[in-house]
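The lines below spell out each chain.
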Amino acid sequence: MVTSMNTAQARTGPRGLPEWDRCAVMGVVNVTPDSFSDGGRFFDPELAVKHGLDLVAQGADLVDVGGESTRPGARRVDEAEELRRVIPVVRELAATGVLVSVDTMRATVAEQAVAAGARLVNDVSGGLADPAMIPAVAATGMPFVVMHWRGQSIDMNNRAVYDDVLGEVVAELRDGLDRAVAGGIAPERIVLDPGLGFAKGAEHDLTLLAHLPQLSALGRPLLVAASRKRFLGRILAGAAGDPPPARERDAATAAVTAIAAREGAWAVRVHEVHASADAVRVARAIEAAA
Ligand code: PMM
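Nothing here was measured: the structure is a model prediction, and the numbers come from that model. (Residues numbered from 1 in each chain as written. Predicted model: local features only at pLDDT ≥ 70, side-chain atom pairs only at ≥ 80, totals over all residues. Heavy atoms only, no water.)

I'd love a proper account of the overall build of the chain, names of residues and values included.
Regarding its fold elements, the chain presents 10 helices and 10 strands. Relative to the compact-globule value of 19 Å for 290 residues, the chain shows a C-alpha radius of gyration of 17 Å, a close match. Overall, the chain is about 45 × 40 × 40 Å in size when its C-alpha atoms are taken along their principal axes. The buried share of the chain, reckoned over its 290 residues, is 56%. When contacts within the chain are restricted to residue pairs at least 6 apart in sequence, those whose partners lie at least 24 apart make up 68%. Charge-centre separation for the chain: the mean point of 30 positive side chains lies 1 Å from the mean point of 37 negative side chains. (Helix = DSSP H or I, 4+ residues; strand = E, 2+ residues; numbered from the N terminus. Rg over C-alpha atoms; globule rule 2.2 N^0.38 Å. Buried < 20%, exposed > 50% of the residue type's maximum accessible area, 1.4 Å probe, protein only. Contact = heavy atoms within 4.5 Å. Lys, Arg positive; Asp, Glu negative; His and termini not counted. Charge placed at Lys NZ, Arg CZ, Asp CG, Glu CD.)

Lay out unusual backbone geometry with the relevant residues and their values.
For A199, which is not glycine, the phi torsion reads 55° and is therefore positive. Among the secondary structure elements, A199 is positioned in the loop between β8 (190-193) and α6 (202-210). A positive phi is found at R228, a non-glycine position, where the angle reads about 60°. Following the sequence through the fold, R228 ends up in the loop between β9 (223-224) and α8 (230-237). Residue R228 is classed as buried on the basis of its relative accessible area of 6%.

I'd like a description of the pattern of salt bridges, backed by residues and values.
Note that side chains of opposite charge can pair when their charged atoms are close. In total, this model carries 13 salt bridges according to the counting rule given. Taking the shortest distance from any N to any O, the salt bridge between D54 and K50 comes out at 2.8 Å. Remark: K50 and D54 occur in helix α1 (residues 45-57); sequence separation between them is 4 residues, near one turn of the helix. The partly exposed category is assigned to D54, whose relative accessible area is 28%. Close ionic contact of R269 with D103 constitutes a salt bridge, the shortest N to O distance being 3.2 Å. Linking R269 in strand β10 (residues 267-270) with D103 in strand β5 (residues 100-103), this pair joins segments that are 166 residues apart in sequence. Within the structure, one salt-bridge network assembled from shared partners comprises D64, D103 and R269. (Salt bridge = Lys/Arg side-chain N within 4 Å of Asp/Glu carboxyl O.)

So, the nonpolar core: which residues are in play, and what are the values?
One recurring pattern in soluble globular proteins: nonpolar side chains tend to sit buried together. Ranked by size, the top nonpolar core spans 77 residues in total, and within it V65, F144 and V224 carry the most contacts. Filtering out sequence-adjacent residues up to four positions away, V224 remains in contact with L196, L209, L212, V256, A260, A265, A267, V268 and R269. Residues W20, A24, V145 and A267 belong to the second largest nonpolar core, which totals 12 residues. (Core = buried A, V, L, I, M, F, W, Y, C linked by side-chain atoms within 4.5 Å.)

Help me get a handle on the packing of helix α5 (residues 165-182) against α6, residues and values and all.
Geometry of a packed helix pair, given as the angle between the helix axes and the separation of the axes. Where α5 meets α6, the axes come as close as 9 Å, and the angle between the chain directions of the two elements is 70°. Between α5 and α6, the crossing angle belongs to the class labelled roughly perpendicular. Note on element contacts: α6 touches α5 through H204, T207 and L208, opposite V165, L166 and V169. (Axes fitted to C-alpha atoms, helices over the stretch in contact; angles between N-to-C directions. Parallel < 35°, antiparallel > 145°, perpendicular 65-115°, else oblique.)

Kindly report on helix α4 (residues 133-140), identifying the contributing residues and their values.
Buried residues of α4: M133, I134, A136 and V137, and no others. One side of α4 carries all its buried residues, which in axial view fall inside an arc of 160°. Buried residues along α4 sit against α3 (107-115), β6 (120-123), β7 (144-147) and α5. Phi for G141, located one or two positions after α4, is positive at around 75°. (Arc of directions from axis to C-beta.)

Hey, could you go over the packing of aromatic side chains for me, with residue numbers and the actual values?
One pass over the full model with this rule turns up 1 aromatic pair. A centroid spacing of 6.5 Å and a plane angle of 55° characterise the contact between W20 and W266, whose relative ring orientation is tilted. With a gap of 246 residues between them, W20 in the loop between β2 (18-19) and β3 (24-30) and W266 in the loop between α9 (250-262) and β10 connect regions that are remote in the sequence. Grouping residues by exposure puts W20 and W266 together as buried. (Phe/Tyr/Trp six-rings, centres within 6.5 Å; stacked < 30°, edge-to-face > 60°.)

Okay, here's the thing in structure tokens:
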């Protein structure tokens, strides 16, 4: 079923970004054999395209296509392999009218994805992993997601050390924003993301979610990507139990979506779209009644 909340309603807002009258739902398509949440399920390009279309039918406003796992401990894939995974899927989804974002840390992948029809570049490293990324995105004129990041996934858990996680993430996101603007990306095209689970433990993720207004105070729209992450497993496990597998964390993900939407997030990035699409609709209705 195609809901009334689909990509057709996107418009380019005054901020130079696709915008809706509510928090958007970004559906995830990981064209990888090894992502923590859905690794291997959509590795075949045809399955990946079908999955992207299914997510739109479930209410996704845009679809984020990535070809490199960033789970803790993950090793990089080489560029040729990333291109091989991502570009055909981006091209096919864009050709059917889906609003596509590309999840990549490589400038070449971003450029080729934009040439294939992607309309947003989502770089978990905020331009730090590849010095060519920011100039490349600036040249395309596309919106850019700057996520809080402290280094590659292989050893990022060692960097989850903070005296004041909120203050440090705010300062480091501000640096990322300044870096992107200095590199030529228009400020109104930049989205910020706290990077839940990236060089962060569960307590850090929760502190950041408890303080979304302080992140919004940086003056840019926020993307919140809590979907199926470890901190949700930790909460659901309770004090003694084992965390449920990633795919059993979707109700908890939708709970975060409702809160993020109520706090004015620009978008949430989720693997299971239906519940989050409902959650943003509920948050919107409550906001309208305030
Ligand atoms: N997390 C993952 C991948 N891409 N992009 C942004 N902007 N923010 C995130 O937190 C983020 C991301 C890892 O999750 P996945 O591999 O299950 O998609």
